[in-house]
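Here's the letter readout for the chains.
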Amino acid sequence: MTDSTERDRLTVVIFGASGDLTRRKLAPALYHLYRTGALPQMCHFVGVARSEMSDDAFRDALMSGVKEVSDDGLDGWDEFASRVTYVSGSSIDDDSLAEIDRVVSEYCADGSKDNRLYYLALAPSLYAGTLEALGRGGMLDESSGFRRVVIEKPFGTDLKSARELNDVVHSVLGESQVFRIDHYLGKETVQNLMVFRFANTIFEPLWNRNYVDHVQISVMESLDTEGRAGYYDKAGVLRDMMQSHLLQLLALVAMEPPATSGADALRNEKAKVLQAVRKYESDEAAENSVRGQYAGYREEDGVASSSSTATYGAIRLYVNNWRWQGVPFFLRSGKAMAEKESEIAVQFRPPPHTIFETRNAEVTPNLLQISIQPHEGVHLTFENKKPGTRMGTAPEKLEYHFPPQVIRDSYERLLLDAIEGDQSLFTRSDEIEMSWQIIDPFVESWQTSLKSQLYPYEKGTHGPAAAGEFLGTARNWHHHGSDQK
Ligand code: BG6
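Residues numbered from 1 in each chain as written. Predicted model: local features only at pLDDT ≥ 70, side-chain atom pairs only at ≥ 80, totals over all residues. Heavy atoms only, no water.

Draft legend 1. Structural context of the overall build of the chain. When you go through the chain residue by residue, the secondary structure sums to 13 helices and 17 strands. In terms of overall size, the chain behaves like a compact globule, its C-alpha atoms giving a radius of gyration of 24 Å where 485 residues would be expected to give roughly 23 Å. Reported as C-alpha extents along the three principal axes, the dimensions of the chain are approximately 80 × 50 × 40 Å. Counting the 485 residues in the chain, one finds 56% classified as buried. Summarising the internal contacts of the chain: among those between residues at least 6 apart in sequence, 76% fall at separations of at least 24. For the chain, the exposed surface amounts to about 21,000 Å²; the carbon and sulfur share of it is 50%. Considering the chain, the positive charge centre built from 51 side chains and the negative charge centre built from 71 side chains are found 5 Å apart. (Helix = DSSP H or I, 4+ residues; strand = E, 2+ residues; numbered from the N terminus. Rg over C-alpha atoms; globule rule 2.2 N^0.38 Å. Buried < 20%, exposed > 50% of the residue type's maximum accessible area, 1.4 Å probe, protein only. Contact = heavy atoms within 4.5 Å. Areas by Shrake-Rupley, 256 points an atom, 1.4 Å probe, with all protein chains shown as cover. Lys, Arg positive; Asp, Glu negative; His and termini not counted. Charge placed at Lys NZ, Arg CZ, Asp CG, Glu CD.)

Below, the structure is given as structure tokens:
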């Protein structure tokens, strides 16, 4: 802990505590942090949801979530559980909030400092009302300890609604109290992007338009909408994945080296990249994208039978600055793909002249693949002499993989950062708004432009064939080190 003393008490209040996020992500993360001594000694966890539930029933629900996602055992569970309380109520109801405030304040009756982290694991439509109610109830006032708020994605559904939500946020909180979470930033491999780029000297001189042909950022999921179709049908791949996770990855890949690893320095550089991304008109967005929908999607519960929501999307973006002018960044994401696979591929240009022309040999340009998940690691493909009596060349790989046991769930890191007040891995208000500014024209063109066709694809494939053609000649989507059209 950076700023806690023995007299500091921490309470994590989770609104929306009966949901899946709390059970499968927040409870395992908090329990592991507690068990490994990362949290202040005096800490409590208060779950809030509408349903009536006893403390014990809530603790059992959390335990089942922990057991489902981890086989680390349940050492010290009873001690952790004894710090868990459940309050039945609504996050937008003043009386409920007064009751929560009373419960939390009572912990601090011994004069200890009353630090609080509020986690909004709620339906996004409740964010504004909850923040306003917390503000009204004086529960964001920092005179007796810090008050920090974690807000889940999606933050708005377009630029206009994101701005409105930011206005509400800023009417009750300072930006330093706000933690807009994007769980991709908590992934070990995503943080490694920064280490890879800025703790090594050999790649950075090549990391620009002179050497890079294009960049691919792929987040492919084998799962379909998994019973979340009601939400998903309104969001689609652009709002669910592109606006948040993929644009954050783009920002980390393309940003200039920050002067320090501090939150402001880092977020300033990310914001500059997002600002430099070429903003399309709706028709241009249609020309720079491909969308698809998996077969059977329209038959799912909660999906309109005529739904044109895309479950697959590929978009081409350009970063208009000196470093990246003219280099396409291809972002793609899809559900019900052949496999789960997220990676960033930096495709370098071919050598300007090759002296190794043999009848069959064509020099393969260098490729750097940063694998986000699974198989977390880095692959560098380089050209090597083909052994034998002739002068031929063949691509080979240098690889590093993180040992699987060191990869923790990203919520652990992010919760701890929020508790410690470190905002580096959280999205600032301007980043959110700029991201919507980039995505809105795609949303519009996918809804209205005749130029944007919705391609069907079979589940368990790599998405629509049109996405391959979209890359242009002599470019392939990279895929676990092999190529696919
Ligand atoms: C969430 C999306 O933000 O990220 C989901 O809402 C998606 O639709 C999930 O499945 C993917 O996260 P991960 O960590 O499993 O790649």
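Continuing now.
Draft legend 2. Structural detail: the site of the ligand. Around the ligand, the surrounding shell consists of Lys153, His183, Tyr184, Lys187, Glu221, Arg228, Asp240, Met241, His245, Lys335, Lys340 and Gln373. The contact in question runs from an oxygen atom of the ligand to an N or O atom on the side chain of His183, over 2.8 Å. At a separation of 2.7 Å, an oxygen atom of the ligand approaches a polar side-chain atom of His245. Coverage of the ligand by the protein chains reaches 82% of its 400 Å² of free accessible surface. If one sorts the elements of the shell around the ligand by residue count, helix α8 (residues 229–254) sits on top with three residues. Across the shell around the ligand, the residue classes tally to two nonpolar, three polar and seven charged. (Near = heavy atom within 4 Å. Polar contact = N/O pair within 3.5 Å; in protein donor to acceptor, adjacent residues only side chain to side chain. Nonpolar A, V, L, I, M, F, W, Y, C, P; charged D, E, K, R; others polar.)

Draft legend 3. Fine view of helix α5 (residues 127–136). Where α5 is concerned, the buried positions are Tyr127, Thr130, Leu131, Ala133 and Leu134. In an axial view of α5, the angular spread of the buried residues amounts to 165°, which keeps them on one side of the axis. The inward-facing, buried residues of α5 abut β1 (8–15), α4 (94–107), β4 (113–120), β5 (147–151) and α6 (159–172). The first or second residue beyond α5 is Gly138, which carries a positive phi of 70°. (Arc of directions from axis to C-beta.)

Draft legend 4. Region of the structure containing the packing of aromatic side chains. If you walk through the whole model with that rule in mind, you get 18 aromatic pairs. Taken together, a centroid distance of 5.9 Å and an interplanar angle of 65° make the contact between Tyr312 and Tyr457 edge-to-face. Of this pair, Tyr312 sits in strand β9 (residues 312–318) while Tyr457 sits in strand β15 (residues 454–457), and the two are 145 residues apart along the sequence. Given the relative accessible area of 0%, Tyr312 is considered buried. Centre to centre, the rings of Tyr400 and Phe402 are 5.3 Å apart; their planes meet at 70°, and the pair counts as edge-to-face. Classification of Phe402 as buried rests on a relative accessible area of 16%. Here the aromatic residues Tyr31, Tyr34, Phe45, Trp77 and Phe80 are joined through ring pairs into a cluster of three or more. Residue placement shows Arg148 over the ring face of Phe146; its charged tip is 3.6 Å from the ring centre. Its guanidinium or amino end placed over the ring of Phe155, Arg180 lies 5.0 Å from that ring's centre, counting from NZ or CZ. (Phe/Tyr/Trp six-rings, centres within 6.5 Å; stacked < 30°, edge-to-face > 60°. Lys NZ or Arg CZ within 6 Å of the ring centre and 35° of its normal.)

Draft legend 5. Geometry of the pattern of salt bridges. On inspection of all chains with the given rule, the structure shows 31 salt bridges. Between Arg163 and Glu433 there is a salt bridge whose closest N-O contact spans 3.5 Å. Highlighted residues: Arg163 in helix α6 and Glu433 in helix α12 (residues 429–448), separated in sequence by 270 residues. The shortest N-O distance in the salt bridge between Lys451 and Glu287 comes to 2.9 Å. Here Glu287 lies in helix α10 (residues 282–287) and Lys451 lies in the loop between α12 and β15, a separation of 164 residues in the sequence. Overall, Lys451 belongs to the partly exposed group, its relative accessible area being 47%. The class for Glu287 is partly exposed, based on a relative accessible area of 45%. Here the residues in one salt-bridge network are Asp20, Arg23, Arg24 and Glu68, joined through shared partners. (Salt bridge = Lys/Arg side-chain N within 4 Å of Asp/Glu carboxyl O.)

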